[in-house]
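Architecture at a glance
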Amino acid sequence: MSTMLSEDRDFNGLGEQTTDGQTRLTGGSMASIPEYYAGKNVLVTGATGFMGKVLVEKLLRSCPEVKALYLLVRPKAGQSMQQRVSDMMVCRLFDRVREDNPDFHQKIIPISSELTQPGLAISPEDVEKLSACINVIFHCAATIRFDEPLKHALQLNVIATQQLLSLAQQMNHLEAFIHVSTAYANCNRKHIDEVIYSPPVEPKKLIESLEWMDDGMVRDITARLIGDRPNTYTYTKALAEYVVQQEQDKLNIAIIRPSIVGASWQEPFPGWIDNFNGPSGIFIAAGKGILRTMRANNDAVADLIPVDVVINLTLAAGWYTAKHRPKPALVYNCTTGGINPFHWGEIEHHVMLSWKRNPLEQAFRRPNTNITSNYLINQYWILVSHKFPALIYDFFLRLSGQKPQMMRIFNRLHKAIGLLEYFSSRDWEWNSENMSMLMSQLTPEDRKTFNFDVRQLNWPEYIENYCIGTKKYVLNEDMSDIPAARQHLRKLRNIRYTFNTLLVVFIWRVFIARSQMARNIWYFVVSLCFKFLSYFRASSTITN
Ligand SMILES: CCCCCCCCCCCCCCCC(=O)SCCNC(=O)CCNC(=O)[C@H](O)C(C)(C)COP(=O)(O)OP(=O)(O)OC[C@H]1O[C@@H](n2cnc3c(N)ncnc32)[C@H](O)[C@@H]1OP(=O)(O)O
Ligand SMILES: NC(=O)C1=CN([C@@H]2O[C@H](COP(=O)(O)OP(=O)(O)OC[C@H]3O[C@@H](n4cnc5c(N)ncnc54)[C@H](OP(=O)(O)O)[C@@H]3O)[C@@H](O)[C@H]2O)C=CC1
């Protein structure tokens, strides 16, 4: 049993139990966040992922006295876990930490772990080491794929979480266990409070039932199991929350529920992003001129949250949980919609403006994406603006002896969009009182260093930095190439004008030559134009 159980409810005289059973600060001198993490050993899962990396960077930069970060990492794609961690530390995200402390890598201790294996595949020596020293756990690892087969999503998002909780209970000095969930775990509800809702099914029963089923059988029953949730991701994340909640009497737990995590707002620099997930892939496809239409509700709230905001809140929640040990465990809905709302229609507008100012290289067409909630209109534009140009382009590729590729790209894009549409066509109301409560507990200095006050977020500026971030950090394009990218767009515009003119001439030739009525209409239009021109010339001669 961990010492945090034996040290039960030691609030250093700073906290008190409220009527709802939660703990609130009552004053007194209290360690700041960096002071709290000083000398602490922190375990991070999912550290090679998007959010994990930002968490590791922020902890090293803003809590420089942290003792060590133990990262549970698996070997992947022929790379050892040490190699993967070394590669991660040389990435641009860590530039600022490197400047402050070139030896920061000494604080990072990779631990080999495959979360889908029994015992998380951690060696007995490592288990012993971790049990003896870890003070705080941040559990970020998960499969975030929307099309993950249920068995695998369950294995990673639920069973691995269960196993990590068991490991946590062996840790002698554990003070906080912070679980990263998603604001969409309960997306089958319209209003989502900061509570853990009853799970759709008892996880233990589901795990036992799926154990004996083969993949085909599981596939057949998946839709019925997930019910009114859109995918296995949100379903298994809901189950994971319940599994975490079950341990709240034994561990000091907090659950963070971010909405759609986007590029960084301020730290370590604006616009940092390293993947195609969520809106990033959509923004890129729009910037490349590939995406012309998408189903989304213009007036629905686009609940994007910058990754640095989520990480600042997560670290602050670690500090608060360790210091105050709130019971029941606190859930933090980490969202922007209720505080500083922005809508999909506005996002579309600002993304388009941004691509006009800072175009991507080698665009397929000039960026012009429109979102619509109308299914038929969307299908029409898919046909006209996606499939038709793709067919023409592939035809020319074939003619020039190259492999056709555009249709394949569009098929992948349509699959991705199909999976995201659920989230861009609806909106939700999240209660985020715990986020505000936590902010009120920070010292003025911590409030600046670990800023998660999204009221200050200027959306147009954020979206512009986000788009630039995808250009610089996801596509590795150079900002100095923008004039060439603009030149390319001008070329595309000229091609389009030429194409349209040729099309009109072609239609004219075919149509006019064959139909007397079309000829009559054409002569009528031409004579009207002549009459208008002569009237205009005559009236300008009189006035002169
Ligand atoms: C102007 C417009 C404004 C409106 C804008 C509305 C935005 C509306 C966003 C809502 C967003 C909700 C988000 C909920 C928030 C969470 O709680 S969860 C976090 C979000 N999770 C995700 O976004 C995961 C979604 N992705 C997936 O499930 C899988 O990647 C997909 C989409 C099924 C694709 O699977 P796949 O075919 O096996 O492909 P995968 O191996 O993943 O990738 C293949 C290639 O496509 C690229 N790719 C992956 N995803 C994408 C993508 N989305 N787009 C383009 N390329 C992509 C990959 O980088 C990869 O490239 P290569 O390395 O081959 O060159
Ligand atoms: N991104 C988003 O928009 C949102 C994310 N979240 C939540 O935030 C958390 C982090 O998400 P994000 O960083 O975006 O996800 P990523 O996909 O970028 O990262 C996932 C991490 O989990 C690790 N992982 C996956 N499978 C295994 C495994 N079998 N063994 C060991 N490690 C594994 C990955 O390691 P590896 O590099 O080896 O694959 C990676 O480090 C998740 O819990 C997610 O549910 C919540 C809301 C929105």
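All values derive from a computational prediction rather than experimental measurement. (Residues numbered from 1 in each chain as written. Chains lettered and ligands numbered in written order. Predicted model: local features only at pLDDT ≥ 70, side-chain atom pairs only at ≥ 80, totals over all residues. Heavy atoms only, no water.)

1. Thoughts on the overall build of the chain
- Helix and strand counts for the chain stand at 20 helices and 15 strands.
- Projected onto its principal axes, the C-alpha positions of the chain cover 95 × 60 × 45 Å.
- A buried classification covers 53% of the 544 residues belonging to the chain.
- If you take every contact in the chain between residues at least 6 apart in sequence, the share linking residues at least 24 apart comes to 83%.
- Carbon and sulfur atoms make up 55% of the accessible area of the chain, which totals about 25,900 Å².
- Across the chain, 59 positive and 53 negative side-chain charges occur, with their mean positions spaced 13 Å apart. (Helix = DSSP H or I, 4+ residues; strand = E, 2+ residues; numbered from the N terminus. Buried < 20%, exposed > 50% of the residue type's maximum accessible area, 1.4 Å probe, protein only. Contact = heavy atoms within 4.5 Å. Areas by Shrake-Rupley, 256 points an atom, 1.4 Å probe, with all protein chains shown as cover. Lys, Arg positive; Asp, Glu negative; His and termini not counted. Charge placed at Lys NZ, Arg CZ, Asp CG, Glu CD.)

2. Observations concerning the site of ligand 2
- If you check the shell around ligand 2, you find 26 residues, and the closest are Thr-48, Arg-74, Arg-84, Glu-114 and Tyr-233.
- Gly-46 places a main-chain nitrogen or oxygen 3.3 Å from an oxygen atom of ligand 2.
- Here an oxygen atom of ligand 2 and a backbone polar atom of Gly-49 are 2.9 Å apart.
- About the coverage of ligand 2: the protein hides 89% of its 890 Å² of free accessible area.
- Contributing elements (two or more residues each) for the shell around ligand 2: helix 3 (50-62) and helix 10 (232-245).
- Residues belonging to the shell around ligand 2 are distributed by class as follows: 13 nonpolar, eight polar and five charged. (Near = heavy atom within 4 Å. Polar contact = N/O pair within 3.5 Å; in protein donor to acceptor, adjacent residues only side chain to side chain. Nonpolar A, V, L, I, M, F, W, Y, C, P; charged D, E, K, R; others polar.)

3. Observations regarding the packing of aromatic side chains
- Here the structure, examined in full by the defined rule, presents 23 aromatic pairs.
- Measuring from centroid to centroid gives 4.9 Å for Tyr-184 and Phe-423, while their planes differ by 80°, and the two rings are edge-to-face. One end of the pair, Tyr-184, is in the loop between strand 7 (176-180) and strand 8 (191-192); the other, Phe-423, is in helix 15 (residues 406-424), with 239 residues separating them in the sequence. Note on accessibility: Tyr-184 and Phe-423 belong to one class, buried.
- Their ring planes at 75° and their centres at 5.2 Å tell us that Tyr-422 and Phe-423 sit as a pair that is edge-to-face. For the pair formed by Tyr-422 and Phe-423, the shared burial category is buried.
- Clustering of aromatic rings is evident, with ring pairs tying together Phe-146, Tyr-184, Tyr-233, Tyr-422, Phe-423, Trp-428 and Trp-430.
- Directly above the ring of Phe-450 sits Lys-58, whose terminal nitrogen or CZ lies 4.8 Å from the centroid.
- Its guanidinium or amino end placed over the ring of Tyr-197, Arg-189 lies 3.8 Å from that ring's centre, counting from NZ or CZ. (Phe/Tyr/Trp six-rings, centres within 6.5 Å; stacked < 30°, edge-to-face > 60°. Lys NZ or Arg CZ within 6 Å of the ring centre and 35° of its normal.)

4. Quick word on the domain arrangement of the chain
- Partitioning the chain into domains gives domain 1 (3-271 + 302-341 + 428-448) and domain 2 (484-543).
- Summarising the inter-unit geometry, the C-alpha centres of domain 1 and domain 2 are found 62 Å apart. (Domains from an automatic or database assignment.)

5. Focus on helix 7 (residues 150-169)
- A rise of 1.5 Å per residue sets the reference length of helix 7, with its 20 residues, at 28 Å; its end C-alpha atoms lie 27 Å apart and thus fit the reference within 8%.
- Burial analysis of helix 7 places 14 of its 20 residues in the buried class, the great majority of the element. (Expected span 1.5 Å × (residues − 1).)

6. Comments concerning the environment of Arg-493
- Relative to the elements of secondary structure, Arg-493 occurs in helix 19 (residues 482-514).
- Considering only alpha carbons, one finds Arg-493 and Asn-186, 307 residues apart in sequence, at a separation of 45 Å.

7. Here we look at the confidence of the model for the chain
- A residue-level look at the chain finds 94% of positions with pLDDT of 70 or above and a mean pLDDT of 91.
- Note on residues 1-28: pLDDT is under 50 here. Beyond four places in sequence and across chains, it has 67 contacts.
- Confidence estimates for the predicted assembly give a pTM of 0.89 and an ipTM of 0.91. (pLDDT = per-residue confidence, 0-100.)

8. With respect to the nonpolar core
- Judged by nonpolar contacts, the single largest core of 110 residues is most densely connected at Tyr-37, Leu-71 and Tyr-332.
- Looking at this core element by element, the count peaks at 11 residues for helix 12 (residues 307-324).
- Leave out the neighbours within four places in its chain, and Tyr-37 touches Val-42, Leu-59, Cys-63, Glu-65, Val-66, Lys-67, Val-136, Phe-138, Leu-315, Gly-318 and Trp-319.
- One finds Ala-68, Ile-111, Ile-255 and Ala-329 within the second-largest nonpolar core, a separate group that totals 43 residues. (Core = buried A, V, L, I, M, F, W, Y, C linked by side-chain atoms within 4.5 Å.)

9. Focus on the UniProt feature "transmembrane region" (unreviewed entry) in the chain
- Here the UniProt-annotated "transmembrane region" (unreviewed entry) positions come out as residues 497-515 and 521-538.
- End C-alpha to end C-alpha, residues 497-515 measures 27 Å, and it is 95% helix and 0% strand.
- Each end of residues 521-538 is marked by a C-alpha atom, and these two atoms are 26 Å apart; helix forms 100% of the span and strand 0%. (UniProt positions renumbered as here; feature names shortened; annotations may be inferred.)

10. Digging into the site of ligand 1
- Of all residues adjacent to ligand 1, which total 22 residues, the nearest are Arg-145, Phe-146, Phe-276, Gly-278 and Arg-412.
- In this structure, Tyr-233 approaches ligand 1 through a side-chain N or O atom, which is 3.5 Å from an oxygen atom.
- Separating an oxygen atom of ligand 1 from a backbone N or O atom of Gly-278 is a distance of 2.7 Å.
- The fraction of the free accessible surface of ligand 1 (1,300 Å²) that becomes covered by protein chains is 77%.
- Among the elements that line the shell around ligand 1, the one with the most residues is helix 15, at seven residues.
- Residues belonging to the shell around ligand 1 are distributed by class as follows: 13 nonpolar, five polar and four charged.

11. A closer look at the pattern of salt bridges
- A complete count under the given rule lists 18 salt bridges for this structure.
- Close ionic contact of Glu-57 with Arg-61 constitutes a salt bridge, the shortest N to O distance being 2.7 Å. Pair noted here: Glu-57 and Arg-61 are both in helix 3, with a separation of four residues, about one helical turn.
- For the salt bridge of Lys-129 with Asp-126, the shortest nitrogen-to-oxygen distance reads 3.7 Å. One end of the pair, Lys-129, and the other, Asp-126, are both in helix 6 (residues 124-133), three residues apart, so they sit about a helical turn from each other.
- Judged by relative accessible area, which is 38%, Lys-129 ranks as partly exposed.
- Residues joined by salt bridges that share partners form a network here, namely Glu-57, Lys-58, Arg-61 and Glu-267. (Salt bridge = Lys/Arg side-chain N within 4 Å of Asp/Glu carboxyl O.)

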